[in-house]
Amino acid sequence: MSRAHDAEHVVRSPKHLAPTTFSPFCDHDRGARQALVGDASIAKAEPSTRDAGASGDSEEDSLLSGVYIVSDSSCDLEQAETDALNIEIVPLSIRFGKEEFTDRGDLSVEDFYVRMSNSDELPQTACPSPGAFEQAFRNASDAGADAVVCLTISSELSNTYQSAQTAAAAWEGPMPVHVIDTRSASCGLGTLVLEGAKVAGGGADTASVLRRVSDLIPRTHVIAALNTLENLKKGGR
């Protein structure tokens, strides 16, 4: 099944268990860990590029230009996917009791599940700070972006959207920043991120990227299934 359809888009997730009741998730190798507990990161789509190797190109000429996509880590994209589209992931924090870890940094997917299975309580997460989003916007600006479209996990699941809005309001850089509440998470959000990245990477302008994402949001759904009730029990259900 392709990630986007001309008809209604449905993402199916048959095997992973969500430890909370609100979180959809995707059957990626990384296990949809963020959407399971509601955390996030940042992604950047590959815009159109100039031939940096052409004779006479200056450093400024070799910068990437176009629309950059920023998202949070509940998109659950694989490293290969982010690498292919020049997507930069900025992690959230995951807490097990008093221990705090950086998602995609010092806590692997395997370690996450081992810790969760051995814990009597579910892990907690923290959304990226406005400063983390501002840094992502700055990275895009430094790379030559003309605009940023920021796609976040549903505002009903996380404060990530509000954090991104705060960062966009404080942004004083030369390019506009558009923050979009996708009303999705996990591979639903990941689908929107990839589609936005592909459109932006093809050289589309900001309006075209926004139209594509806005068109897909109401037609993108995540279907989840549980293989155990243990985490629901831990959550008091």
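Relevant structure appears above.
Conventions and cut-offs
- Residues numbered from 1 in each chain as written.
- Predicted model: local features only at pLDDT ≥ 70, side-chain atom pairs only at ≥ 80, totals over all residues.
- Heavy atoms only, no water.
- Buried < 20%, exposed > 50% of the residue type's maximum accessible area, 1.4 Å probe, protein only.
- Helix = DSSP H or I, 4+ residues; strand = E, 2+ residues; numbered from the N terminus.
- Pairing = 2+ DSSP bridges.
- Right-handed = clockwise from strand over helix to strand, strands pointing away.
- Axes fitted to C-alpha atoms, helices over the stretch in contact; angles between N-to-C directions.
- Contact = heavy atoms within 4.5 Å.

Asks: What am I meant to see in the pairing of strand β7 (residues 177-181) here?
Replies: Side-chain positions along a regular strand alternate between the two faces of the sheet. Within β7, four of the five residues are buried, which leaves the element mostly enclosed by the surrounding structure. The pairing of strand β6 (residues 147-152) with β7 spans five bridges and is classified as parallel. Of the residues in β7, the one forming a bridge with Val149 is His178. With helix α5 (residues 160-170) bridging β6 and the parallel β7, this β-α-β connection has right-handed handedness.

Asks: Explanation requested: the sheet that holds β6 in the structure shown.
Replies: Working definition: the strands of a sheet are paired by backbone hydrogen bonds and lie parallel or antiparallel to each other. Strand order in the open sheet formed by three strands is β2-β6-β7, with parallel pairing between adjacent strands. A strand with exactly one partner marks an edge of an open sheet, and here the two such strands are β2 (67-71) and β7. Each neighbouring strand pair of the sheet contributes to a mean axis angle of 20°, computed without reference to strand direction. Docked against the sheet, α5 engages β6 and β7, running at close to 165° with respect to β7. Contacting β2, β6 and β7, helix α7 (residues 206-216) runs over the sheet at an angle of about 15° to β6.

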